[in-house]
Amino acid sequence: MTDLPSLRETLDAHGLLAKKSFGQHFLLDLNVTRKIVRLAGPFDGRAVIEVGPGPGGLTRALLESDAGPVVLVEKDPRFIPLLSELDDGSGRLTIVEADALKVKEADLVSGPAHMVSNLPYNVGTALLIKWLTGPWLPHSLTLMFQKEVAERVAAGPGDDAYGRLAVISQAVCTARIVMHLPAAAFTPPPKVASAVVYLVPLDERPSPERLKKLERVTAAAFGQRRKMLRSSLKQLGGAALCEAAGIEPDVRAETVDVAGFLRIADALQ
Ligand code: SAM
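Position numbers for residues count from 1 along each chain, tracking the sequence in the order it is written. Since the coordinates come from a predicted model, pLDDT governs what is reported: local features require at least 70, and pairs of side-chain atoms require 80 or more to be given and counted, while whole-chain, interface and lining totals use all residues. Working from all heavy atoms in the structure, the side-chain values ignore hydrogens and water.

J.: How would you summarise the sheet that holds strand β6 (residues 173–181) if you had to cite specific residues and measurements?
T.: Strands are labelled as partners when DSSP assigns at least two bridges between them. Runs of E in the DSSP output that reach at least two residues are strands. Runs of H or I that reach at least four are helices, and both are numbered from the N terminus. The 7 strands lie next to each other as β3-β2-β1-β4-β5-β7-β6, forming an open sheet whose pairing is mixed. Of all strands in the sheet, those bounded by a partner on one side alone are β3 (93–97) and β6. Across the sheet, the mean angle from the axis of one strand to that of its neighbour is 20°, orientation sign disregarded. With 4 bridges connecting them, strand β1 (residues 48–51) and strand β2 (residues 70–74) associate as parallel partners. Paired with E50 across the two strands is L72, which belongs to β2. Every residue pair with non-hydrogen atoms within 4.5 Å of one another is taken to be in contact. Axis definition: a line fitted to C-alpha atoms, limited for helices to the stretch in contact. Angles are taken between N-to-C directions and run from 0 to 180 degrees. Against the sheet, helix α7 (residues 147–154) touches β5 (140–146), β6 and β7 (194–201), its axis set at about 135° to β5. Lying on the sheet, helix α8 (residues 164–172) is in contact with β6 and β7; it crosses β6 at an angle near 120°.

J.: Tell me about the UniProt feature "binding site: S-adenosyl-L-methionine" (unreviewed entry) in the protein chain, and please be specific about residues and values.
T.: As recorded in UniProt, the feature "binding site: S-adenosyl-L-methionine" (unreviewed entry) lies at H25, L27, G52, E74, D99 and N118. Restricting the annotated residues to those that line the largest pocket leaves H25, L27, G52, E74, D99 and N118. Turning to its location among the elements, G52 is positioned in the loop between β1 and α3 (57–64). With a relative accessible area of 25%, G52 lands in the partly exposed category. Discounting chain neighbours no more than four positions away, the residues touching G52 are V73, E74 and N118. With respect to the helices and strands, N118 occurs in strand β4 (residues 114–118). Residue burial is assigned from relative accessible area. The probe radius is 1.4 Å, only protein chains are included, and a residue is buried under 20% of its type maximum, exposed over 50%, and partly exposed in between. Judged by its relative accessible area of 13%, N118 falls in the buried class. Each residue touching N118, except ones within four places of it in the same chain, is listed here: H25, L27, V51, G52, L58, M144 and F186. Pairs of N or O atoms within 3.5 Å make up the polar contacts considered here, provided that, within protein, one atom can donate a hydrogen while the other can accept it, and that residues adjacent in sequence are counted only when both atoms are side-chain atoms. There is a polar contact of 3.4 Å between the side chain of N118 and the backbone oxygen of H25. UniProt positions are given in the numbering used here, feature names are shortened, and annotations may be inferred rather than shown by experiment. Put simply, the grid is 1 Å and covers the protein atoms alone, a cavity is a trapped set of points that fit a 1.4 Å probe, a pocket is an open set with protein on both sides within 12 Å along at least five of seven lines, and lining residues have an atom within 4 Å of a point.

J.: Before we move on, could you go through the site of the ligand and cite the residues and values that matter?
T.: One heavy atom within 4 Å of a molecule or strand is enough for the residue carrying it to be called near that molecule or strand. Among the 20 residues in the neighbourhood of the ligand, the closest are listed as Q24, L27, G52, E74 and N118. Within the side chain of Q24, a nitrogen or oxygen atom sits 2.8 Å from an oxygen atom of the ligand. Within the backbone of G52, a nitrogen or oxygen atom sits 2.8 Å from a nitrogen atom of the ligand. Against a free-state accessible area of 590 Å², the protein chains account for coverage of 99% of the ligand. Classification used: nonpolar for Ala, Val, Leu, Ile, Met, Phe, Trp, Tyr, Cys and Pro, charged for Asp, Glu, Lys and Arg, polar for all others including Gly. Class assignment of the residues belonging to the shell around the ligand gives a composition of 9 nonpolar, 6 polar and 5 charged. For every accessible area listed, the method is Shrake-Rupley and the probe measures 1.4 Å; residues are considered covered only by the protein chains on display.

J.: Requested: an account of the domain arrangement of the protein chain, with residues and values cited.
T.: Structurally, the protein chain comprises domain 1 (7–201) and domain 2 (208–267). Computed over C-alpha atoms, the centres of domain 1 and domain 2 are 32 Å apart. Taken together, the contact between domain 1 and domain 2 spans 14 residues of the former and 15 residues of the latter. The buried area of a pairing is the accessible area, by a 1.4 Å probe, that goes missing from both parts when the two are put together, added over both. Note on domain 1 versus domain 2: buried area summed over both sides is about 1100 Å², and carbon and sulfur give 71% of it. Contact with domain 2 buries surface across domain 1, with Y162, R164 and V167 losing the most and accounting together for 45% of the total. Where domain 1 touches domain 2, the interface holds 3 residue pairs in polar contact (both at pLDDT 80 or more). Domain boundaries shown here were taken from an automatic or database domain assignment.

Take a look at the structure:
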């Protein structure tokens with residue numbers, strides 16, 4: 001990787017400018033991308049999927065790491081020739097031109113893999129929900145989001161950012177913010193700061209049916225987050241539902257932990 005031209009030179013050589021519609025904000029400093037990859041690893045030779053490689057800053061760091069196969073999923077066809085320059089012909093790198101919202105991860109890798117991505121912000125949450133609730137099980141997910149979204153994923157009860165996304169994320173994974181990055185770290189800089197969240201699936205993942213119930217309960221509870229659960233969950237069973245789950249009906253959603261929401265979901269008829 002050290003013989004390659006810089007990422008900025010590569011972008012210039014290919015005449016590529018960032019497109020807003022693809023949520024393109026690039027990390028051109030390899031010290032930053034290497035740090036993200038260090039936080040995501042070690043990979044011990046396991047496969048890594050990277051969604052949205054763009055000019056390939058994270059990809060270069062992944063190829064320097066102990067990752068096994070590296071599979072890239074990029075929607076913008078302009079980047080495919082540039083990414084192909086990273087392929088040493090060994091068969092380790094696979095480049096897939098596709099919309100990550102539509103691909104089946106199980107078709108990209110055999111079995112679980114690590115996911116590492118500086119996500120396009122416009123579809124970041126949708127992709128996370130897809131990976132949390134879909135059939136494919138990652139080893140870990142190391143994902144760059146805009147800071148507010150990262151906080152909504154990793155928040156705990158009582159935090160301002162605690163809500164549906166935290167409950168769904170933490171019913172499936174442990175989640176913590178491992179890195180903060182200012183807008184100026186990106187080219188072009190976005191309007192907001194960013195943060196990297198590291199998620200690891202729990203040994204016992206809720207079944208798809210249980211997750212669907214959890215989504216119904218959290219949508220109702222946080223849809224009216226200022227109300228007591230007896231009111232916000234009225235359509236689903238109100239106070240009786242809370243009592244069946246061993247939760248005090250007069251508390252607000254923001255104080256109930258993930259285990260409590262799972263109990264409410266389980267009590268739902
Ligand atoms: N990984 C690069 C980096 O860190 O410099 C680029 C990150 S940029 C924030 C997001 C990337 O995701 C862009 O390359 C963009 O073209 C790509 N992208 C946007 N929507 C996508 C989608 N639905 N599926 C796959 N890639 C997508």
